[in-house]
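# Observations on chain architecture
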Amino acid sequence: MSETTLNRNSAYKPRTTVVSELNPMQKPLVAAGLLAGIILFIAILTTTNTTQAVLYIIGIMLGVTLLHARFGFTSAFRRLMSVGNVQGLQAHMLMLAIASTLFAVILSTGFSFTGTAPAGYVSPVGVSVIFGSFIFGIGMQLGNGCASGTLYSVGGGSSSMILTLISFIAGSVIGAYHFTFWMEDMPSLPPISLATSTGFGYFGALLVQLAAFALIYWITVQIAKKKNPPMMKPLPTAQGFKKIIRGSWPLFAAAIILALLNALTLTIRGNPWGITSAFTLWGGKALMASGINVSSWGYFAGANGAALTKSVLADSTSVMNFGIILGAFISAAAQGTFKPGKIKPGAAGASIIGGLLMGYGARLAFGCNIGAYFGGIASFSLHGWVWMIMAMLGTFLALFIRPLFGLKNPKSTDSIC
């Protein structure tokens, strides 16, 4: 039996990290990141409130976790659809199972650290969600990152992801401009919660979802046995305390941490973790500064419009996003991997198109891989499950588009993917 076959057969007990020599720490960058983090923390605390400052710290923790594990949604979908590698999706199922359990307790009891009543992300299921999540699936494969992936990759030093982020913001603004059409003129069902719309209650809905996660996990094991796919390349790590600061973290450990942080976010600000509403706000503020009045758009009615007149530091999603970028930057510098490079023309084009599709799709689908997929499913919303399915289909189509931009897909003959 070959070494490759042995490695593949270990997929059923996959290792996503391996002890090896690490790059030297980029100490000046670490120091700069820590200084910038302290300054921003003080600015948030003095101009807003303690809750915003705490959410900013949670954002940093999210960025650290995402970077240390290279926790991917885009790559997990791509590996699954291309060669049948299930390691990423299995981590998702663990993350969703833990988050759903915690959300069920929090939402059923109304538990809150700040007095703000917790409410999950439960959104309508209609044409907008179906189409939006489908094109988001295409976009994240062209842009080489989802919403969370874009932020932590920018912080981690990926040059092309800067283009993806800018285009993501632009696409979000275009989606906001068309928001009323998709919400009012396209067919849609009302918001459907497996907990409150079915009579199951949160405990019953939790049992249903845990059974679904277990079934999906079992299916992934069967896929791995049948396809014997190449495994993810293990990330370099260390031992002891150094592993926490500089080494890579196991994928399943990151899944647990992300679930805990999302639940903590719910108990502090009253809503789960989200990302893309801040992109729309940033773009809307930019247009307002240039003389374009976006406050008349349907999307900016109510709270979204009120945010246009306030400091961006008053927006909880924005401060968490800033924290993610900064946390990823500090972690990458600590690992010695912050090394921005040149952008190839094909990758640049894919990043721009991918960002536009993700931004537009996220607005239509009531969120991205975090707000709709992670937060939606954990909140027992049917739209989260629809998002997952349609983004998978979008990923499958994108596998045929990626090579047009010079982007490679995993192959069954690869030793790693």
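Remember, it's a predicted structure, so these values are computed and weren't measured experimentally. (Residues numbered from 1 in each chain as written. Predicted model: local features only at pLDDT ≥ 70, side-chain atom pairs only at ≥ 80, totals over all residues. Heavy atoms only, no water.)

## Observations concerning the overall build of the protein
Of regular secondary structure, the protein possesses 18 helices and four strands. For the protein, the C-alpha radius of gyration of 21 Å lies close to 22 Å, the compact-globule estimate for 417 residues. Considered along the principal axes of its C-alpha atoms, the protein spans approximately 65 × 55 × 45 Å. Looking at the protein residue by residue over its 417 residues, the buried ones come to 53%. Counting every atom, the protein has about 17300 Å² of accessible surface; 69% of that belongs to carbon and sulfur. Averaging the positions of the 24 positive and the 6 negative side-chain charges in the protein gives two centres separated by 10 Å. (Helix = DSSP H or I, 4+ residues; strand = E, 2+ residues; numbered from the N terminus. Rg over C-alpha atoms; globule rule 2.2 N^0.38 Å. Buried < 20%, exposed > 50% of the residue type's maximum accessible area, 1.4 Å probe, protein only. Areas by Shrake-Rupley, 256 points an atom, 1.4 Å probe, with all protein chains shown as cover. Lys, Arg positive; Asp, Glu negative; His and termini not counted. Charge placed at Lys NZ, Arg CZ, Asp CG, Glu CD.)

## Let's talk about the packing of aromatic side chains
Counted under the stated rule, the structure contains 21 aromatic pairs. Both rings, one in F181 and one in W182, keep their centres 5.4 Å apart while their planes meet at 75 degrees; by these two values the pair is edge-to-face. Given the relative accessible area of 39%, F181 is considered partly exposed. A relative accessible area of 12% places W182 in the buried class. (Phe/Tyr/Trp six-rings, centres within 6.5 Å; stacked < 30°, edge-to-face > 60°.)

## Remarks on helix α7 (residues 147-156)
Among the ten residues in α7, ten count as buried, and that is most of the element. Every buried residue of α7 is listed here: A147, S148, G149, T150, L151, Y152, S153, V154, G155 and G156. Phi turns positive one or two residues past the end of α7, at G157, with a value near 105 degrees.

## Here we look at the state of the cysteines
Scanning all chains against the criterion turns up zero disulfides. Unpaired in this structure, C417 has its nearest cysteine sulfur neighbour in C146, at a distance of 17 Å. (Disulfide = S-S within 2.5 Å.)

## Remarks on unusual backbone geometry
The backbone of N144 sits at a positive phi, close to 60 degrees, despite the residue not being glycine. With respect to the helices and strands, the residue N144 is situated in the loop between α6 (127-142) and α7. Phi at F366 is positive, roughly 60 degrees, even though this residue is not glycine.

## Thoughts on helix α13 (residues 276-289)
When the terminal C-alpha atoms of α13 are compared, their 20 Å separation across 14 residues agrees well with the 20 Å that a helix rising 1.5 Å per residue should span. Along α13, the residues that are buried comprise T276, A278, F279, T280, L281, W282, G283 and G284. Contacts from the buried residues of α13 go to α7, α8 (160-177), α14 (303-308), α15 (316-335) and α16 (345-364). One or two positions beyond α13, positive phi appears at G291, with a value near 100 degrees. (Expected span 1.5 Å × (residues − 1). Contact = heavy atoms within 4.5 Å.)

## Some points on the nonpolar core
Ranked by internal contacts, the top residues of the largest apolar core, which has 96 residues, are F71, F77, L89, F136, W273, Y373 and M388. In terms of residue count, helix α5 (residues 87-109) provides more of this core than any other element does, eleven residues in total. (Core = buried A, V, L, I, M, F, W, Y, C linked by side-chain atoms within 4.5 Å.)

## A few points about the confidence of the model for the protein
The pLDDT averaged across the protein works out to 95; a share of 97% of its residues lies at or above 70. Low pLDDT, under 50, characterises residues 1-11; the predicted model gives this stretch twelve contacts beyond four residues in sequence or across chains. (pLDDT = per-residue confidence, 0-100.)

## Comments concerning the side chain of Q209
Examined against the element boundaries, Q209 turns out to sit in helix α10 (residues 201-227). Aside from chain neighbours lying at most four places away, what touches Q209 is S100, L194, I377, F380 and W385.

## Section: a nonpolar patch on the surface
On the surface, M25, F241, I244 and I245 cluster together into a nonpolar patch covering about 390 Å² of accessible area. Within the fold, I244 resides in helix α11 (residues 241-245). (Patch = residues over 30% accessible without salt bridge, like charges linked within 9 Å, V, L, I, M, F, W, Y side chains within 5 Å. Salt bridge = Lys/Arg side-chain N within 4 Å of Asp/Glu carboxyl O.)

## Structural notes on the packing of helix α2 (residues 27-47) against α15
Remark: α2 packs on α15, axes separated minimally by 8 Å, with the N-to-C direction vectors making an angle of 160 degrees. As judged from the angle between their axes, α2 and α15 are roughly antiparallel. For the crossing formed where α2 meets α15, the hand is left-handed. Along its contact with α2, which presents L29, V30, G33, L34, A36, G37, L40 and I44, the element α15 presents V319, F322, L326, F329, I330, A333 and A334. Residue classes in the contact of α2 with α15 are distributed as 13 nonpolar, two polar and no charged. (Axes fitted to C-alpha atoms, helices over the stretch in contact; angles between N-to-C directions. Parallel < 35°, antiparallel > 145°, perpendicular 65-115°, else oblique. Left-handed = near helix turned anticlockwise from the far one by under 90°. Nonpolar A, V, L, I, M, F, W, Y, C, P; charged D, E, K, R; others polar.)

## Structural notes on the environment of I257
Mapped onto the fold, I257 is located in helix α12 (residues 251-269). C-alpha of I257 to C-alpha of G157: the two residues are 100 residues apart in sequence and 23 Å apart in space. Those residues within four positions of I257 in sequence are excluded, and the remaining contacts are T65 and W249.

## Here's the deal with the environment of N262
With respect to the helices and strands, N262 occurs in helix α12. Residue class for N262 comes out buried when judged on its relative accessible area of 0%. Dropping the residues within four chain positions of it, N262 is found in contact with F103, P272, W273, F374 and G375.

## Here's the deal with the side chain of S248
Looking at where S248 falls in the secondary structure, it is placed in the loop between α11 and α12. Taking relative accessible area as the criterion, S248 reaches 2% and is therefore assigned buried. Of the polar contacts made by the side chain of S248, one reaches the backbone oxygen of P236; its length is 2.9 Å. Ignoring any residue separated from it by four or fewer positions in sequence, one finds S248 in contact with T17, H68, L235, P236, T237, K243 and Q335. (Polar contact = N/O pair within 3.5 Å; in protein donor to acceptor, adjacent residues only side chain to side chain.)

## A short note on the environment of S159
In this structure, S159 sits in the loop between α7 and α8. Remark: the alpha-carbon pair of S159 and I343, spanning 184 residues in sequence, is separated by 6.6 Å. S159 has contacts with P340, G341 and I343, leaving out every residue within four places of it along the chain.

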